[in-house]
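Examining the three-dimensional arrangement
Chain residues, written in single-letter form:
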Amino acid sequence: MYDVVIVGAGIIGTFIARELSRYKLKIAVLDKLNDVACATTKANSAIIHCGYDAKPGTLKAKLNVLGNPMFDSICEELDVHFKRVGSLVLAFNDEEMNTLNELYQRGIQNGLKNIYVVEKEQLKSLEPNLSDSAAGALYAPDCGIIGPFELAVALAENAVENGVELLLNTEVSAIEKNDELFKVQTTAGVIKARYIINCAGVHADHINNMVSKEWFKITPRRGQYFVLDKSAGDLVSKVIFQCPTKMGKGVLVLPTVHGNILVGPDSEDIEDKQNLETTMERLEHVRTAAMKSIQNIPFDKSITSFTGLRASAEKGDFIIEESNDVKGLINVAGIESPGLSASPAIAQYVVQLIKEINGGFAEKEDFNPHRKKVMRFIELGDKEKAELIKNDPSYGRIICRCELITEGEIVDAIHRKAGAATLDGVKRRVRPGMGRCQGGFCSPRVMEILARELNKDILEIVKDSRASKILTGITKEQ
Amino acid sequence: MYDVAVIGGGPAGLAAAIEARRNGIQNILVIERDRELGGILQQCIHNGFGLHIFKEELTGPEYAERFVNELNELGIEYKLDSMVLEITKDKKVHYVNSKDGFVSIQAKSIILAMGCRERTRGAIGVAGTRPAGVFTAGTAQRYLNMEGYMVGKKIVILGSGDIGLIMARRLTLEGAEVKIVLERMPYPGGLTRNIVQCLNDYNIPLKVSHTISSIKGKDRVEGVTIVQLDESGRIIPGSEQFMECDTLILSVGLIPENELSEKLEMRLDKVTKGPYVNEAMETSVSGIFACGNVVHVHDIVDYVTEESRIAGRNAAKYAKGELKTEGRLVETVPGNGISYIVPHTIRVNNIENKVDLLMRVRQVFHDVRMIIKADGEKIREIKKSHLLPGEMERVSLDIKALTCKNIAKLEVEICEGEE
Amino acid sequence: MSCKEIICIVCPMGCHLQVAENPNMEEVYEVAGNKCPRGKVYGINEMVNPTRVLTTTIKIENAPLKRLPVKTNGVVPKDKIFQCMEVINKVKVASPVNMGDVIVSNILNTGVDIVASRSMR
């Protein structure tokens, strides 16, 4: 019997779990997949927006503006990379300059102070590689970049350290409500709970419909991206937007917290919630559209491309409320952009909501907001490096030569709470395979380490999903 | 303090270190990131190595072992499982390993021999899903030949470079079904003998002017969409054809690994993606030399060995203060039909008797003339019945060709048709 | 009379040879398409008794790697390659092994040995 069951271990589910772990509650986070942050959280633009974009009065606007300033302290507590690099929304003609001014006004209305409209002349000093055709920009110095899955992993780890149970490979198949109690049927058995928080991303409607009436629908909106090698990392220093259109915020060019360049996304409503294909036509569109902002993008330094699905609700705003017909079911749905930026505020909002429903919760005395510090070998100074290897020689063995990741870091990522158990799980946490060789050299070594540390046969180690076996057998099998 | 530090213990690093020792250098350190010396040769278990250097046909491990044995006999110091994090312009090398920890050494001269890496799916932009079962040929080769694991059962290979062809045969011998090899260019990338011995021998079809537009599969590869390309490399509409498979192997090219060189702000050649080098295989940073696939991707290892010996010999000279820096400089220029030439410059004073120009052609040529011009004037003409981008061309120039006049520019070009 | 197309691999030229078989003639094989005499020899050999060097791996125990590379120390008939693999796949050695060590002698009575292509210890 749990007080709270959270369905979905993405950024929203893990954030809520972590915030709820401040209270004396028995909490479980369920996810049908074998790791946290495996859906929308792992494939998005990784931006902490300022909040000039959403319509005043919406939850999106309110929670985005509230959420943005919270990242400094949360990332400090959880030892997660976060950089306030600033953003520019580019306008290319007079009409778009008008849109910029509207955006500016909207930002002011939403409560922002630190935003500016800059003229063409100032653009090159802010961002030297911008296209000459840019006519002006909305400059927002507080815009940030982050590693979304690293944040979700850190939140999950911190939540588990504070008593939350993380139940992976646990797919919900049915939900019943009897009296005051939910009975959640899952692939791992029946789970009982007083409250259900539905953070199931693109599947949030599906989860809601299991127990409540069908009153919202989530449409997956697909977006495709390129990732460029770190050697192209100085292309831009800020997040470069284009003037928004009806279909989204346009194609972006931005640095990542790890020094790569991200280009994308396009925007396309699709039917299939499993469809994570990239397509040549769409990627070509992204490429062409991005060149409008920056003419000389070195696409020959592209190291990978990927697709993300935004969980888009019909009414256009976040849905964060208790179900009308099923008390105790709290839907946190339609969390598309600026969902990541709003996530700390969404978590607080949900906690407040459920506290009000319950009439408050008792706080834990021993809640620890800090996560055990992550040793990032390559970020250390020479002396610290020497010291670290002396204490633990496995930090002297570089496994990933592109990102310079040591065996010590990989072992640590496996053994932490909410630790990695797959090749991509290790990659998302500590980055071996994220670099220019895309795991060509290091994946055999990482597989070996995973097998050894988890005491598994190497043939059982998967790339990502449960069935994504990498090796199909041994040679000379008799 | 070392006289010569060699970064990389593959075929290039081994030959360079041995040659430096033979030229009187005692204090040499080879730093290797893998668990043993020999580099990629250890997984290249097929034969065909050494015809030039040893006049016999060896496998990759045999070729490597001969050099490793020599290195050991000469007592050259090496570090395994050691990764160089940084090289500075004043020739400090910072490396780490689990035994010695974080180590900084000072060298008089440095030889870069880091080799190359494989181009990946991302680099060639194949669309579709991202399931398990997509391997670069070299990674699959390591799993299969060294670790003893099968990477799949029904296999499609994209790219007809030599590693792809060799892997087609290896996978077939180990019981997998290689359904097809695809090549986006209108001609195969690998050596003819590999087409014959690795594909034809096992009835594996090769389709040129074909590539893969998309990968399908949620968890593991379920198939690929094969498309035909027109003469300018565009997809021919309607040519899409789905082929079921559980594995896609990519053999789509190699890229020199120059991250350390980039940090040194070394001048790099946009075509080779390796350092600019002179006749001594010295880079734009004085006293730092480079050889092997870190400079340009070679077709056969014997040429790597020869090039690395030049680097080793000259690094030794540099350490002894014998390398000449002054005097006339000749620039090499790739002309019509030539994509690059190594070395990029030649200091005439350092040439003892001849200099080899290594180059690749841009496309397939038949019955053409390769013309070498000194300051625009033809000094030599070589008839070629057959030139392939997949095969490196070598032209030896006698020192007299460079010293007879005050030449500033050497150009090589391909002329089609009769004179 | 039958004719077979063979690509010559003696040199990088890659001549497309047409080898005609005339069982009743004095010279049974007639080679066309070759640009040099070596091509003729290769073409006839490919018809009479095509042979190859086989390189593969065998299982090895107590070694840093799980497989040891091996090769035939001479050529074996092309049509015996898979039979050779069957024999080789059943063999298991333990380290230490030296380069050149005979692992299987006179495989399938071909007069050719399977030898280690590297040392491992």
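All values reported here derive from a predicted model rather than from experimental measurement. (Residues numbered from 1 in each chain as written. Chains lettered and ligands numbered in written order. Predicted model: local features only at pLDDT ≥ 70, side-chain atom pairs only at ≥ 80, totals over all residues.)

This brings us to the overall build of chain A. Scanning chain A for helices and strands turns up 13 helices and 23 strands. Taking 23 Å as the expected radius of gyration for a compact globule of 478 residues, we find that chain A reaches 22 Å, a close match to that expectation. When the 478 residues of chain A are sorted by exposure, 55% land in the buried category. Counting contacts in chain A only where the partners sit at least 6 residues apart, residues at least 24 apart contribute 71% of the total. (Helix = DSSP H or I, 4+ residues; strand = E, 2+ residues; numbered from the N terminus. Rg over C-alpha atoms; globule rule 2.2 N^0.38 Å. Buried ≥ 20, exposed ≤ 12 C-beta atoms within 10 Å, placed from the backbone. Contact = placed C-beta atoms within 7 Å.)

Within chain B one finds 9 helices and 29 strands. For chain B, the C-alpha radius of gyration of 22 Å lies close to 22 Å, the compact-globule estimate for 419 residues. Dimensions of chain B, computed from the C-alpha atoms along their principal axes, are close to 65 × 60 × 40 Å. A sequence separation of at least 24 residues applies to 64% of the contacts in chain B between residues at least 6 apart.

So, about the domain arrangement of chain A. Accessible area lost upon the coming together of the parts is a frequently used measure of interface size. One can read the domain layout of chain A as domain 1 (83-143 + 219-309) and domain 2 (377-460). Placing a centre on the C-alpha atoms of domain 1 of chain A and another on those of domain 2 of chain A gives a separation of 32 Å. (Domains from an automatic or database assignment.)

Facing 22 residues of chain C, the contacting portion of chain B comprises 22 residues. Elements represented by at least two residues in the side of chain C that touches chain B include exactly β5 (55-61) and β6 (67-72) of chain C. When the residues that make up the side of chain C that touches chain B are grouped by side-chain class, the tally is 10 nonpolar, 6 polar and 6 charged. (Nonpolar A, V, L, I, M, F, W, Y, C, P; charged D, E, K, R; others polar.)

It is worth spelling out the interface of chain B and chain A at this point. On the chain A side, the residues contacting the 41 residues of chain B number 43 residues. Put simply, the parts of the chain that give the side of chain B that touches chain A at least two residues each are β6 (83-87), β7 (92-97), β8 (101-112), β9 (116-118), α3 (121-124), β10 (127-128), α4 (137-147) and β12 (149-150) of chain B. The element contributing the most residues to the side of chain B that touches chain A is α4(B), with 6 residues. Split into classes, the residues belonging to the side of chain B that touches chain A amount to 13 nonpolar, 14 polar and 14 charged. Pairing of strand β23 (residues 473-474) of chain A with β12(B), which is carried by 2 bridges, proceeds in the antiparallel orientation. Counted as the bridge partner of A:G473 is B:M150 from β12(B). (Pairing = 2+ DSSP bridges.)

A few words on the packing of α4(B) against helix α5 (residues 162-173) of chain B. Residue and element names in this part refer to chain B. Direction vectors running N to C along α4 and α5 enclose 35 degrees, while the axes themselves pass 10 Å from each other. The way α4 lies across α5 gives a crossing that is left-handed. Across the interface between the two elements, A137, G138, A140, Q141, L144 and N145 from α4 touch I163, G164, M167 and R170 from α5. For the contact of α4 with α5, the class distribution of residues is 5 nonpolar, 4 polar and 1 charged. (Axes fitted to C-alpha atoms, helices over the stretch in contact; angles between N-to-C directions. Left-handed = near helix turned anticlockwise from the far one by under 90°.)

With that settled, the discussion passes to the sheet that holds strand β3 (residues 29-32) of chain C. All names here are of chain C. What the 3 strands build is an open sheet, ordered β1-β2-β3; its pairing is antiparallel. Of all strands in the sheet, those with a lone pairing partner are β1 (2-7) and β3, marking the two edges. Here the average twist between neighbouring strands, direction ignored, is 25 degrees. Sheet analysis places strand β2 (residues 16-21) next to β3, joined by 4 bridges and oriented antiparallel. Residue pairing for β3: A20 is matched across the bridge by E30. Against the sheet, helix α1 (residues 37-48) makes contact with β1, β2 and β3, and its axis sits at roughly 135 degrees relative to β3, the strand it touches most.

Further remarks concern the domain arrangement of chain B. Looking at chain B, the domain boundaries give domain 1 (1-118 + 254-323), domain 2 (120-252) and domain 3 (326-419). Among the residues making up the side of domain 1 of chain B that touches domain 2 of chain B, the classes are represented as 2 nonpolar, 3 polar and 1 charged.

This brings us to the sheet that holds strand β8 (residues 92-94) of chain C. Residue and element names in this part refer to chain C. Read from one edge to the other, the open sheet built from 5 strands follows the order β8-β5-β6-β10-β9, with strand pairing classed as mixed. Across the chains shown, the open sheet's two edge strands, defined by having one partner strand only, are β8 and β9 (102-104). Here the average twist between neighbouring strands, direction ignored, is 45 degrees. Relative to β6, β5 runs antiparallel, the two being bridged by 5 bridges. By the bridge assignment, T57 is partnered in β6 with P69. With respect to the sheet, helix α2 (residues 81-89) is in contact with β5, β6, β9 and β10 (114-116), its orientation differing from that of β5 by roughly 10 degrees.

In this section: the environment of A:L33. All names here are of chain A. Considering the arrangement of structural elements, one finds L33 in the loop between β2 (27-30) and β3 (47-48). Residue L33 is classed as partly exposed on the basis of its C-beta count, with 18 C-beta atoms lying within 10 Å. Distance in space between the C-alpha atoms of L33 and R466 is 7.8 Å, their sequence separation being 433 residues. With residues near it in sequence (within four places) discarded, L33 still touches C38, L168 and S465.

With that settled, the discussion passes to helix α1 (residues 11-20) of chain A. All names here are of chain A. For α1, the buried fraction is high: 10 of the 10 residues fall into the buried class. Residues of α1 that are buried: I11, I12, G13, T14, F15, I16, A17, R18, E19 and L20. Elements that come into contact with the buried residues of α1 comprise β1 (2-7), β2, α6 (148-161), β12 (189-198), β20 (329-333) and α9 (339-358).

Let us look at the packing of α5(B) against helix α6 (residues 192-199) of chain B. Residue and element names in this part refer to chain B. At a minimum axis separation of 8 Å, α5 and α6 run at an interaxial angle of 20 degrees. Put simply, α5 runs roughly parallel to α6. Judged by the sense of rotation from one axis to the other, the crossing of α5 with α6 is left-handed. Together, D162, L165, I166, A168 and R169 of α5 and N194, I195, C198 and L199 of α6 make up the contact between the two elements. (Parallel < 35°, antiparallel > 145°, perpendicular 65-115°, else oblique.)

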